[in-house]
Amino acid sequence: MIVFEQVVKRYDGGYTALAGVSFEIRHGELVVLSGHSGAGKSTLMKLMAVIERPTSGTVRINGQDVSHLPRRAIPYLRRNLGLVLQDSGLLFDRSVYDNVMLPLVITGHPPRDAAIRVGAALERVGLAGRGRERPAGLSGGEQQRVAIARAIVNRPSILIADEPTAHLDPDYAHEIANLFRSFNEAGVTVLVSTHDASLFAASRPRRLVLAKGALVEDGVLAEVAA
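Below, the discussion takes up the overall build of the chain. Within the chain, the regular secondary structure consists of six helices and ten strands. Its C-alpha atoms put the chain at 45 × 40 × 35 Å along the principal axes. The buried share of the chain, reckoned over its 226 residues, is 50%. A total accessible area of about 10700 Å² is found for the chain, and carbon and sulfur atoms account for 50% of it. Side-chain charges of the chain comprise 26 positive and 23 negative groups, with the mean position of each set lying 6 Å from the other.

With their axes 10 Å apart at the nearest point, helix 5 (residues 140-152) and helix 6 (residues 170-185) run at an angle of 15° to one another. Between helix 5 and helix 6, the crossing angle belongs to the class labelled roughly parallel. Where helix 5 crosses over helix 6, the handedness of that crossing is right-handed. For the pair helix 5 and helix 6, contact is made by G141, E142, Q144, R145, I148 and I152 and by Y172, E175, I176, L179, F180 and F183, respectively. The residue inventory of the contact of helix 5 with helix 6, partitioned by class, reads seven nonpolar, two polar and three charged.

What follows deals with unusual backbone geometry. Even without a glycine there, the phi angle at N62 is positive, about 50°. What makes N62 partly exposed here is its relative accessible area of 39%.

What follows deals with the environment of H36. Examined against the element boundaries, H36 turns out to sit in the loop between strand 3 (30-35) and helix 1 (41-48). Between the C-alpha atoms of H36 and G82, which are 46 residues apart in sequence, the distance is 24 Å. Once residues within four sequence positions are removed from consideration, H36 is found in contact with K41, H195, L210, A211 and K212.

Moving on, we come to the sheet that holds strand 5 (residues 64-65). Taken in spatial order, the four strands of this open sheet run 2-1-4-5, and their pairing is antiparallel. Two strands bound the open sheet, and with one partner strand each, they are strand 2 (16-25) and strand 5. Pairing geometry for strand 1 (residues 2-10) and strand 4 (residues 56-61), over five bridges, is antiparallel. Among the inter-strand pairings, E5 is bridged to a residue of strand 4, identified as T58. Packed on one face of the sheet, helix 1 meets strand 1, strand 2 and strand 4 and runs near 60° to strand 2.

Before going further, it helps to spend a moment on the packing of helix 3 (residues 96-106) against helix 5. At a minimum axis distance of 7 Å, the contact between helix 3 and helix 5 shows a crossing angle of 30°. As judged from the angle between their axes, helix 3 and helix 5 are roughly parallel. The element helix 3 and its partner helix 5 pack so that their crossing is right-handed. For the pair helix 3 and helix 5, contact is made by V96, N99, V100 and P103 and by V146, A149 and R150, respectively. Residues that form the contact of helix 3 with helix 5 fall into these classes: five nonpolar, one polar and one charged.

This paragraph deals with the nonpolar core. Membership of the largest hydrophobic core comes to 38 residues, with the highest contact counts inside it found for V100, V125, I148, L159, F180, F183 and V190. Looking at this core, the elements that each hand over two or more residues are strand 3, helix 3, helix 4 (111-124), helix 5, strand 7 (158-162), helix 6 and strand 8 (189-193). Counting 28 residues, the second largest nonpolar core, distinct from the first, contains I25, V59, I61 and L69.

One ladder, built from seven bridges, connects strand 1 with strand 2; its direction is antiparallel. Directly across from K9, in strand 2, lies its bridge partner L18. Between the end of strand 1 and the start of strand 2, which pair antiparallel, lie five residues, with G13 showing a positive phi angle near 95°.

Cut-offs applied
Residues numbered from 1 in each chain as written. Predicted model: local features only at pLDDT ≥ 70, side-chain atom pairs only at ≥ 80, totals over all residues. Heavy atoms only, no water. Helix = DSSP H or I, 4+ residues; strand = E, 2+ residues; numbered from the N terminus. Buried < 20%, exposed > 50% of the residue type's maximum accessible area, 1.4 Å probe, protein only. Areas by Shrake-Rupley, 256 points an atom, 1.4 Å probe, with all protein chains shown as cover. Lys, Arg positive; Asp, Glu negative; His and termini not counted. Charge placed at Lys NZ, Arg CZ, Asp CG, Glu CD. Axes fitted to C-alpha atoms, helices over the stretch in contact; angles between N-to-C directions. Parallel < 35°, antiparallel > 145°, perpendicular 65-115°, else oblique. Left-handed = near helix turned anticlockwise from the far one by under 90°. Contact = heavy atoms within 4.5 Å. Nonpolar A, V, L, I, M, F, W, Y, C, P; charged D, E, K, R; others polar. Pairing = 2+ DSSP bridges. Core = buried A, V, L, I, M, F, W, Y, C linked by side-chain atoms within 4.5 Å.

Written out as structure tokens, the structure is:
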């Protein structure tokens, strides 16, 4: 489903963010991505979403080589991807409802079905009935839930989240982790980058560990140090 083959990402100035990374994530897996700050976690996720392109190597999503995907084809790929970045990217001058609706507006989704999907996504993340509120009036954890609702409103088969529990207090962090586990239990392939892998340990997920751009561990989280 997600395949990296000897992927290298080198930026201007010679900095190498990823150095020959290879792995395969199968359908329905829950994968936790760990590593120190600057290890290459965010770069890896941006390559999956074709926000960036590899310097060399191949990235395949659902059997499609996205390493050289034409720009016009990227929106179609992203319909199957739910993406939650460190910066939630919420529009604070819009309502919660409008923020979650945005991906469906971009893809030209029929309004009636779009409204049903937005309501279902907000209910799924525990924000039913709060669509008229503005993000500025929500807590950090609730804002993260809005970002997650926006990521799942297209009902993606793959959900990618970059540090979704960062800057949250422990209670909110556990709630968000539980939310991602529930998506995985419903059949969604989930890849979560986190500095606190112990949040997901109860599910015995697979863990990939990056260090200085290299993949240094690949195993079950419960079998390695959390």
